[in-house]
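Descriptive structure summary
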Amino acid sequence: KAGVTQTPRYLIKTRGQQVTLSCSPISGHRSVSWYQQTPGQGLQFLFEYFSETQRNKGNFPGRFSGRQFSNSRSEMNVSTLELGDSALYLCASSFLGDFLNEQFFGPGTRLTVL
Amino acid sequence: AQSVTQLGSHVSVSEGALVLLRCNYSSSVPPYLFWYVQYPNQGLQLLLKYTTGATLVKGINGFEAEFKKSETSFHLTKPSAHMSDAAEYFCAVSNKAAGNKLTFGGGTRVLVKP
């Protein structure tokens, strides 16, 4: 069974631009969560989608948004990029989306904002 | 609110020696506790988790952790370090209400010396 895939793996943008990252969960998984990983702030929860609905949200500004499609693939969008948005963005999928189901993480998308 | 503190951002051990990574949590409700490992340029992999029941949890690759409610701790151990254990380790906490939202500690990078 294929794992969680994230595209692109690396991305370079400039301040003010917007970016869209994609996550394809493991086949059959309905929950997708997104995390931001930075050296300064560590791993922080962005949001979770389950069956195309945002079910949980972290403490990030409205510039960060996401969506999930009917095939469970998810995208996250960051508008008006800032230097501080440079990070590794990880997505994780699970079958039902609760603590009983293991979350499987993708390799991440490394975003650099210049 | 919940939080996780990992003592020691870097740990150096000799091959064959005990690995001990410390994790203390804060949670106002019964916690669910996790240890993840991250290898360079990869996502997170679940090592083990505690939800309910037996407080000594065994995971993959010879790791285990013990939930101690009185000490609010969930330390990770491995009796004998192997070179392949060199990685970054994250302790995380969740609870029933939080669902899939994980709150991570700052991480501990393990160096294994030959």
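Just so we're clear, the structure is a prediction, and the values are computed from it rather than from any experiment. (Residues numbered from 1 in each chain as written. Chains lettered and ligands numbered in written order. Predicted model: local features only at pLDDT ≥ 70, side-chain atom pairs only at ≥ 80, totals over all residues. Heavy atoms only, no water.)

1. Here's the deal with the overall build of chain B
Stated precisely, the cut-off is as follows: Each helix corresponds to a stretch of at least 4 residues labelled H or I by DSSP, and each strand to a stretch of at least 2 residues labelled E; elements are numbered beginning at the N terminus. In this setup the radius of gyration rests on C-alpha atoms only. A globule is expected at 2.2 Å times the number of residues raised to 0.38. Buried means the residue's accessible area, taken with a 1.4 Å probe over protein chains only, is under 20% of the maximum for its type, while exposed means over 50%, and partly exposed covers the values in between. Charge counting follows a simple rule: Lys and Arg are positive, Asp and Glu are negative, and His as well as the terminal groups are ignored. Note that the charge is assigned to NZ on lysines, CZ on arginines, CG on aspartates and CD on glutamates.
Each helix and strand in chain B was counted, giving zero helices and 11 strands. For chain B, the α and β elements follow one another from N to C terminus as β-β-β-β-β-β-β-β-β-β-β. Rg of the C-alpha trace for chain B: 13 Å, near the compact-globule value of 13 Å for 114 residues, within the 12% margin. C-alpha atoms of chain B, sized along the principal axes, occupy 45 × 30 × 20 Å. Looking at the 114 residues of chain B, the share that counts as buried comes to 46%. Charge separation in chain B, taken as the distance between the mean sites of 10 positive and 6 negative side-chain charges, equals 8 Å.

2. Focus: the sheet that holds strand β1 (residues 5–7) of chain A
All names here are of chain A. Let me state the cut-off plainly: Should DSSP find at least two bridges between two strands, the strands are taken to pair. The angle between two axes is taken between their N-to-C directions and runs from 0 to 180 degrees, where each axis is a line fitted to C-alpha atoms and a helix contributes only its stretch in contact.
Here we have four strands laid out as an open sheet, ordered β1-β3-β8-β7, and antiparallel in their pairing. Two strands in the sheet have a free side with no partner beyond their single neighbour: β1 and β7 (64–68). Strand-to-strand twist of the sheet, defined as the mean angle between neighbouring strand axes without regard to direction, takes the value 20°. Where β7 meets strand β8 (residues 74–78), five bridges bridge the pair, whose relative direction is antiparallel. Across the sheet, Q68 pairs through a bridge with S74, a residue of β8.

3. A word on the state of the cysteines
For clarity, the threshold we go by: Count a disulfide wherever a pair of cysteine sulfur atoms falls within 2.5 Å.
Counted according to the given criterion, the structure contains two disulfides over all chains. Here A:C23 pairs with A:C91 through a disulfide, and the sulfurs are 1.9 Å apart. Between A:C23 and A:C91, the S-S dihedral sits near 70°, and the bridge is therefore right-handed. In this pair, A:C23 is assigned in strand β3 (residues 19–24) and A:C91 in strand β9 (residues 87–94), connecting sequence segments 68 residues apart. The pair A:C23 / A:C91 is uniform in exposure class, with both members buried. Disulfide pairing places B:C23 opposite B:C91 at an S-S distance of 2.0 Å.

4. As for the nonpolar core
Quick reminder of the rule: Among buried residues, the Ala, Val, Leu, Ile, Met, Phe, Trp, Tyr and Cys ones that are joined through side-chain atoms within 4.5 Å form a nonpolar core. Any two residues having at least one pair of non-hydrogen atoms within 4.5 Å are treated as being in contact.
Counting 25 residues, the largest nonpolar core has B:W35, B:L47, B:L48, B:F74, B:L76 and B:Y89 as the members making the most contacts within it. Excluding anything up to four places from it in sequence, B:F74 contacts B:C23, B:L33, B:F34, B:W35, B:L48, B:Y50, B:A65, B:E66 and B:F67. In terms of nonpolar packing, the next biggest core, distinct from the first, is built from 21 residues, A:W34, A:L46, A:F64 and A:M76 among them.

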